[in-house]
Amino acid sequence: MNKNLLYVLVGSVIVIVILYFSLGSSGPGGIHDITASVVQGKFKVEITTTGELEALRSVQVFGPSDARRFRIGNFTIDKMVDEGTVVKEGDFIASIDKTELFGRIEDKRLDLEQTKAQFEQIQLDTSLNLRQERDNILNMEYIVQEQELILEQSQYEPPAIIKQNQYNAEKAKRELEQAIERYRIKTLQERARMIEIGSKLREVNLEVDQMVEVLDKFVVNAPQDGMVIYVTNRGSKVKDGSQISSWNPVVATLPDLTTMQSITYINEVDIRRVKIGQEVEIGLDAFPDKKFTGKVTKVANVGQQRPNSDAKVFEVIIRVNESDDLLRPSMTTSNAIIADELNDVMYIPLEAINVENDSINYVYLKNGVKQEVLMGLTNANDVVIEKGLNPGDKVYLSTPSWGDNLAVKLLEELNGKRNLDLDAPRVTADRSQGFLKEGIE
């Protein structure tokens, strides 16, 4: 008997517990209804968007652009480091095929040897020609002296002989003057020939030196620290075996990883709330645990239409404040732009807000009151409550079963500012109790 009585008592307790849990939610504060507390503190209005990292500063790495002076139109890349390689200033990036330039150098060196031979030949010819002219002048001087001596000795000869000797002396002097003038002109001519061939020799020699100097540039080294990023040329990325033009010899880009920025796009609805200088909280999709801060540095004035989208968006550039080895170009970022920030305000989840007659915003309180509230700023999850609630109040995130036919407790501050529907049940304020009573007026 005692054992049976014990079984009955235990069964009764179980039935009572089941009934309590199944029926307990029918009144205010039912255990199946989810509530949230009114929080007082800092409230942030954030605009969230995704972006893509890129370096704030980057330099282009060039191949030997001077080679086009030597009629080399295209280069072939022999070897190139992998994309994404982090290099220091002076490190190897790429080597370029030198075969065509080697051929140009050999041709030019052959031209240089021929020019040197011409220079030496003209130098010898000039020396011989001018020596011959000088010898001729010396001989003419002897002839002049000889004719003058004959003229001097013939002063007692007949006048005809004296006259003839005078002619011969004058002729010899004229020929001497002509030889001196011819030597002067010949000297100028030979000097001009030497200047011409000397200039050509220096020009060819300089071209050979320049070609050799350009040859050193066929090994491309990093101009600064950074990460190697391949460039796109003719629809494909430049890498081993690719050809680049001597008119645009960009081999790669080298972004400076110490200062990064996130490029993002904000829709036309939210762009009016984005301003230069606003703080940004930045996350990396690749490293969810890493958090960074940033600042809006540029907001586009003109919208654009992104591919596969009908909405207009505006480009926004966010500079990352921190420097980290994890930050890499083209990484996807999550950006939370802090459009506004309020201190010491009350806020609740947006799910707690209900609307009646398109103008009355209210919440269900834990104590069984259907309370009107005056809302302030909102963000993606919460809303600021300016009037109607107190810190610590608990509100329902869904409509409790007891709240369907309950009148709203209105705020006197909002009287005259509501859009009440005349055909719907009106709510009237009981000023003595502070509650609303429904009725048809």
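Residues numbered from 1 in each chain as written. Predicted model: local features only at pLDDT ≥ 70, side-chain atom pairs only at ≥ 80, totals over all residues. Heavy atoms only, no water.

Caption draft 1: Focus on the nonpolar core. Membership of the largest hydrophobic core comes to 29 residues, with the highest contact counts inside it found for Phe75, Met80, Ile93, Ala94, Leu101, Val228 and Val251. Counting residues per element, the ones that place at least two in this core are strand E4 (74-80), strand E6 (92-96), helix H2 (99-153), helix H3 (159-216) and strand E13 (250-255). The element contributing the most residues to this core is E13, with 4 residues. Among residues more than four places away in sequence, those in contact with phenylalanine 75 are Pro64, Ala67, Ile96, Phe218, Ser242, Gln243, Ile244, Ser245, Ser246 and Pro249. (Core = buried A, V, L, I, M, F, W, Y, C linked by side-chain atoms within 4.5 Å. Buried < 20%, exposed > 50% of the residue type's maximum accessible area, 1.4 Å probe, protein only. Helix = DSSP H or I, 4+ residues; strand = E, 2+ residues; numbered from the N terminus. Contact = heavy atoms within 4.5 Å.)

Caption draft 2: Highlighting the sheet that holds E6. Across the sheet, 4 strands lie side by side as E7-E6-E4-E12; this open sheet has antiparallel pairing. Edge positions in the open sheet fall to strand E7 (219-221) and strand E12 (243-245), since each of these has one partner strand only. Recorded for the sheet is a direction-independent mean angle of 35° between the axes of neighbouring strands. Inspection of the sheet shows E4 paired to E6 by 3 bridges, in the antiparallel sense. (Pairing = 2+ DSSP bridges. Axes fitted to C-alpha atoms, helices over the stretch in contact; angles between N-to-C directions.)

Caption draft 3: Local environment of the packing of aromatic side chains. Considering all chains together, one arrives at 5 aromatic pairs under this definition. With a centroid separation of 5.6 Å and an interplanar angle of 85°, the aromatic rings of tyrosine 362 and tyrosine 364 are classed as edge-to-face. Through pairs of rings, three or more aromatic residues link up here, namely Tyr362, Tyr364, Tyr396 and Trp402. (Phe/Tyr/Trp six-rings, centres within 6.5 Å; stacked < 30°, edge-to-face > 60°.)

Caption draft 4: Highlighting the sheet that holds strand E21 (residues 360-364). An order of E20-E21-E22 is seen for the 3 strands of this open sheet, with the pairing classed as antiparallel. Two strands lie at the open edges of the sheet, namely strand E20 (354-356) and strand E22 (370-372), each paired on one side alone. Between one strand axis and the next, the sheet turns through 40° on average, direction left out of account. Where E21 and E22 come together, 3 bridges link them in antiparallel fashion.

Caption draft 5: Summary view of the pairing of E6. E6 sits mainly inside the fold: 4 of its 5 residues count as buried. In the sheet, E6 pairs with E7 via 3 bridges, with the strands oriented antiparallel. Its bridge partner being in E7, phenylalanine 92 is matched across the sheet by asparagine 221.

Caption draft 6: Focus on the pattern of salt bridges. Applying the stated criterion across every chain yields a total of 14 salt bridges. The partner of lysine 237 in a salt bridge is glutamate 83, and the shortest N-O contact between them spans 3.3 Å. Taken as a pair, lysine 237 in strand E11 (residues 236-237) and glutamate 83 in the loop between E4 and strand E5 (86-87) lie far apart in primary sequence, 154 residues in all. Taking the relative accessible area as the measure of exposure, glutamate 83 reaches 33% and is therefore partly exposed. We note a salt bridge from glutamate 279 to lysine 295, for which the minimum N-O separation is 4.0 Å. Taken as a pair, glutamate 279 in strand E15 (residues 279-284) and lysine 295 in strand E16 (residues 291-299) lie far apart in primary sequence, 16 residues in all. Because the salt bridges share partners, they merge into one network encompassing Lys108, Asp111 and Glu207. (Salt bridge = Lys/Arg side-chain N within 4 Å of Asp/Glu carboxyl O.)

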